[in-house]
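Here is how the chains run, residue by residue.
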Amino acid sequence: MYFKNILVPYDESDHARSAIHIALGLAGPYPEARVSVVTVIPSAALPNPTLLGEGFEIPYAVGDPGGYERIMDSMVKRTVDDIQEVVNQSLDDAQCKVVADAVISNSPVEGIADYVKSHDIDLVVMGRRGLGALRGMIGSVSFGVLRSVEVPVLTVK
Ligand code: ATP
Ligand code: MG
């Protein structure tokens, strides 16, 4: 077995789905292997507490300091549940461990690169393209990951 700890960065695109299939194909027969399917939520996608002021009818406003964390937690949980559903459909008879995860980071590339380091990832399998408008042959996240991680990256359609 070459790769024990595979990361599939997942953005709900068809290419990312096929990355899940391919990663499970590689690791599936090995109970000691792990596939982590992970979505990075860019911090900019979260409501910005510093923008709160009059006129902002946001439930975590003044008087509820824990509200912001709760919104972030529920966003992470909802994302993990969505990933888990997709993963369950792809499992077949995979013997490997499969983890669904979501992390918040400045950017998808940074989140993926940090995950590779902090989780001892030895292979990244990701889509060539994602949900963005079709421009060029490879998306900016795939391009950024190829440039910023030391482990092998398999890009798939
Ligand atoms: P762009 O985003 O540059 O407009 P794109 O959406 O077509 O182009 P990418 O975003 O690079 O292409 O997507 C390529 C692959 O990167 C996806 O198939 C997925 O594996 C991964 N990816 C993209 N965004 C995320 C994200 N937020 N979290 C985790 N993985 C992601
Ligand atoms: Mg994209």
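Quick note: structure is the one above.
Quick look at the structure, then.

Calculation rules
Residues numbered from 1 in each chain as written. Chains lettered and ligands numbered in written order. Predicted model: local features only at pLDDT ≥ 70, side-chain atom pairs only at ≥ 80, totals over all residues. Heavy atoms only, no water. Near = heavy atom within 4 Å. Polar contact = N/O pair within 3.5 Å; in protein donor to acceptor, adjacent residues only side chain to side chain. Areas by Shrake-Rupley, 256 points an atom, 1.4 Å probe, with all protein chains shown as cover. Helix = DSSP H or I, 4+ residues; strand = E, 2+ residues; numbered from the N terminus. Core = buried A, V, L, I, M, F, W, Y, C linked by side-chain atoms within 4.5 Å. Buried < 20%, exposed > 50% of the residue type's maximum accessible area, 1.4 Å probe, protein only. Contact = heavy atoms within 4.5 Å. Phe/Tyr/Trp six-rings, centres within 6.5 Å; stacked < 30°, edge-to-face > 60°. Expected span 1.5 Å × (residues − 1). Patch = residues over 30% accessible without salt bridge, like charges linked within 9 Å, V, L, I, M, F, W, Y side chains within 5 Å. Salt bridge = Lys/Arg side-chain N within 4 Å of Asp/Glu carboxyl O. Lys, Arg positive; Asp, Glu negative; His and termini not counted. Charge placed at Lys NZ, Arg CZ, Asp CG, Glu CD.

## Some points on the site of ligand 1
With respect to spatial proximity, 21 residues lie near ligand 1, and among them Pro9, Gly130, Gly132, Ser140 and Val141 are the closest. Contact between ligand 1 and leucine 131: an oxygen atom at 3.1 Å from a main-chain N or O atom of the residue. In isolation ligand 1 exposes 610 Å². Once the protein is present, 90% of that is buried. Elements represented by at least two residues in the shell around ligand 1 include exactly strand E2 (34-42), helix H3 (108-118), strand E4 (123-127) and helix H4 (140-148).

## Regarding the nonpolar core
Counting 20 residues, the largest nonpolar core has Ile6, Val8, Tyr10, Ile20, Val35, Val37 and Val125 as its most contacted members. Contributions of two or more residues to this core are made by strand E1 (5-9), helix H1 (14-27), E2, helix H2 (67-90) and E4. Per-element accounting of this core gives the leading share, six residues, to H1. Contact partners of valine 125, with chain neighbours within four places excluded, come to Ile6, Leu7, Val8, Pro9, Ala19, Ile22, Ala23, Leu26, Leu154 and Val156. Listed in part, the 13 residues of the second largest apolar core include Leu7, Val40, Tyr115 and Val145.

## Some words on the packing of aromatic side chains
Taken as a whole and assessed by the stated rule, the structure comprises one aromatic pair. Plain terms: the ring middles of tyrosine 2 and phenylalanine 3 are 6.1 Å apart, the flat faces sit at 40° to each other, and that makes the pair tilted. A relative accessible area of 78% means that tyrosine 2 is categorised as exposed. For phenylalanine 3, a relative accessible area of 26% gives the class partly exposed.

## Topic: H1
With 14 residues, H1 should reach 20 Å at 1.5 Å per residue; the first-to-last C-alpha distance of 20 Å fits that figure. The complete set of buried residues in H1 reads His15, Ala16, Ser18, Ala19, Ile20, Ala23, Leu24 and Ala27. Of the surrounding secondary structure, the elements contacted by the buried residues of H1 are E1, E2, H2, strand E3 (97-105), E4 and strand E5 (153-156).

## Overview of a negative patch on the surface
Side chains of Glu12, Asp81, Asp82 and Glu85 sit close together on the surface and give a patch of like negative charge. On the secondary structure map, aspartate 81 appears in helix H2.

## Quick notes on H2
For H2, with 24 residues, the first-to-last C-alpha span of 35 Å sits near the 34 Å given by 1.5 Å per residue. For H2, the complete set of buried residues consists of Gly67, Tyr68, Met72, Thr79, Ile83, Val86, Val87 and Ser90. Elements in contact with the buried residues of H2: H1, E2 and E3.

Interpretation in functional terms is not warranted from these geometric data alone.
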